[in-house]
Amino acid sequence: MRSNADQIRKRIAKRKKEREKQAEQKRPSKPSFLYQEQEEREGFDRFPSYEISPDEGNHPLFRKEVFLFKVMAAACLFLVMAILFRNESPKLDTARNYVTKSFEKDFQFATVSNWYEDKFGKPLALFPVPDSKGGSKENSNDQQYALPASGKILEDFEESGQRVIFETSKDAAVEAMGEGMVRFVGEKEGFGKTVVIQHADKSESWYGNLGDISVSLYDFIEKGKKVGTVTNGDSGEKGSFYFAIKKDESFIDPIQVIQFE
């Protein structure tokens, strides 16, 4: 009796499922156009849509974590420097001297500029610069230096061990012997009003006893660029200026570098 009752229940459940399935098939489906977007109803392809997470909207070159780390590192470095120089303990003298020398050391602007031009060309130069012969100007390893000004030598290098003194005409222009970066403008002991230009080979040309200066600190100037004018003498008919070349922390005779007339 129990088995017959189970069979009857199974048949009833099976018929119920079949009726539900038939009713589902006969039920009218909703028209597809109700789910179409505006562009599809107008005959165009549907535009894709993308969901952007909160982190995906950030600039690819900006990371907040890295920026905050740099800010914290800069703040810590500033705090360490403040403690280092505010604390007068003799134990910190070595560290203070090292930091001071690091800030006083000259940066080789001309060398970096020369390296950049060798690798990438002149800054912001989209086309080659034509020279006076109609060709393109290119870098050359054979550096030819120019005489800063025409005149006669009043004092040669052997007399002072530092400089050569030139006598020129009144208000004569003093020009850079070669391209480089202006690393000093001001008064130098024994030279007066002076301009120092650092060149790509790390040598320096000094132009002293100037009346007027025509360049500014950190200017990059070409060979033959006017750096200033000579100082006129008491008579007002002649002028003079000092010229020196420094290499590896020592002054050398300019005759070794420039051919004087």
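Everything numeric in this text was worked out from a predicted model, so none of it was measured. (Residues numbered from 1 in each chain as written. Predicted model: local features only at pLDDT ≥ 70, side-chain atom pairs only at ≥ 80, totals over all residues. Heavy atoms only, no water.)

1. Some words on the overall build of the protein
Assigned secondary structure in the protein consists of six helices and 11 strands. Looking at the protein as a whole, 23% of its 261 residues are labelled buried. Contacts spanning at least 24 positions in sequence make up 55% of the contacts within the protein whose residues lie at least 6 apart. (Helix = DSSP H or I, 4+ residues; strand = E, 2+ residues; numbered from the N terminus. Buried < 20%, exposed > 50% of the residue type's maximum accessible area, 1.4 Å probe, protein only. Contact = heavy atoms within 4.5 Å.)

2. Here we look at the packing of aromatic side chains
Under the counting rule described, the total for this entry stands at six aromatic pairs. Relative to Phe251, the ring of Trp206 has its centre 5.1 Å away and its plane inclined at 75°; by these criteria the two rings are edge-to-face. Separated by 45 residues along the polypeptide, Trp206 in strand E6 (residues 204-208) and Phe251 in strand E11 (residues 250-252) bring together distant segments of the chain. Comparing Trp206 with Phe251, the two get one shared label, buried. (Phe/Tyr/Trp six-rings, centres within 6.5 Å; stacked < 30°, edge-to-face > 60°.)

3. Some points on the nonpolar core
Counting 28 residues, the largest nonpolar core has Ile197, Tyr207, Val227, Phe241 and Phe243 as its most contacted members. Sorting the residues of this core by element identifies strand E2 (164-169), strand E5 (192-198), E6, strand E9 (226-232) and strand E10 (238-247) as the ones contributing at least two each. Of the residues forming this core, the biggest block, five residues, is contributed by E10. Ignoring sequence-local partners within four residues, the contact set of Ile197 consists of Ala176, Gly180, Met181, Val182, Ser203, Glu204, Ser205, Tyr207, Ile221 and Val227. (Core = buried A, V, L, I, M, F, W, Y, C linked by side-chain atoms within 4.5 Å.)

4. A word on unusual backbone geometry
Peptide bonds are mostly trans, and most non-glycine residues show a negative phi. Phi at Lys202 is positive, roughly 75°, even though this residue is not glycine. Here Lys202 lies in the loop between E5 and E6. One non-glycine residue, Tyr218, adopts positive backbone phi at about 75°. Here Tyr218 is to be found in the loop between strand E7 (210-213) and strand E8 (220-221). On the basis of relative accessibility, which here comes to 47%, the residue Tyr218 falls in the partly exposed class.

5. Observations regarding the confidence of the model for the protein
Confidence along the protein averages 77 in pLDDT terms, with 67% of residues attaining 70 or more. Confidence drops under pLDDT 50 across residues 124-142; counting only partners more than four residues distant or on other chains, this segment forms 10 contacts. (pLDDT = per-residue confidence, 0-100.)

6. With respect to the pairing of E9
Looking along a regular strand, one sees side chains alternate from face to face of the sheet. Relative to E9, strand E3 (residues 173-175) runs antiparallel, the two sharing three bridges. Within E9, the position partnered with Glu175 by the bridge is Lys226. The pairing of E7 with E9 spans three bridges and is classified as antiparallel. Directly across from Leu210, in E9, lies its bridge partner Val230. (Pairing = 2+ DSSP bridges.)

7. Structural notes on the pattern of salt bridges
As enumerated under the stated definition, the model contains three salt bridges in all. Arg96 serves as the salt-bridge partner of Asp93, at 2.4 Å between the closest nitrogen and oxygen. Remark: Arg96 and Asp93 occur in helix H4 (residues 93-104); sequence separation between them is three residues, near one turn of the helix. Classification of Asp93 as partly exposed rests on a relative accessible area of 35%. The class of Arg96 is buried, set by a relative accessible area of 11%. The partner of Lys152 in a salt bridge is Glu167, with the nearest N and O atoms 3.5 Å apart. Of this pair, Lys152 sits in strand E1 (residues 152-155) while Glu167 sits in strand E2; the two residues are 15 residues apart in sequence, bridging distant segments of the chain. (Salt bridge = Lys/Arg side-chain N within 4 Å of Asp/Glu carboxyl O.)

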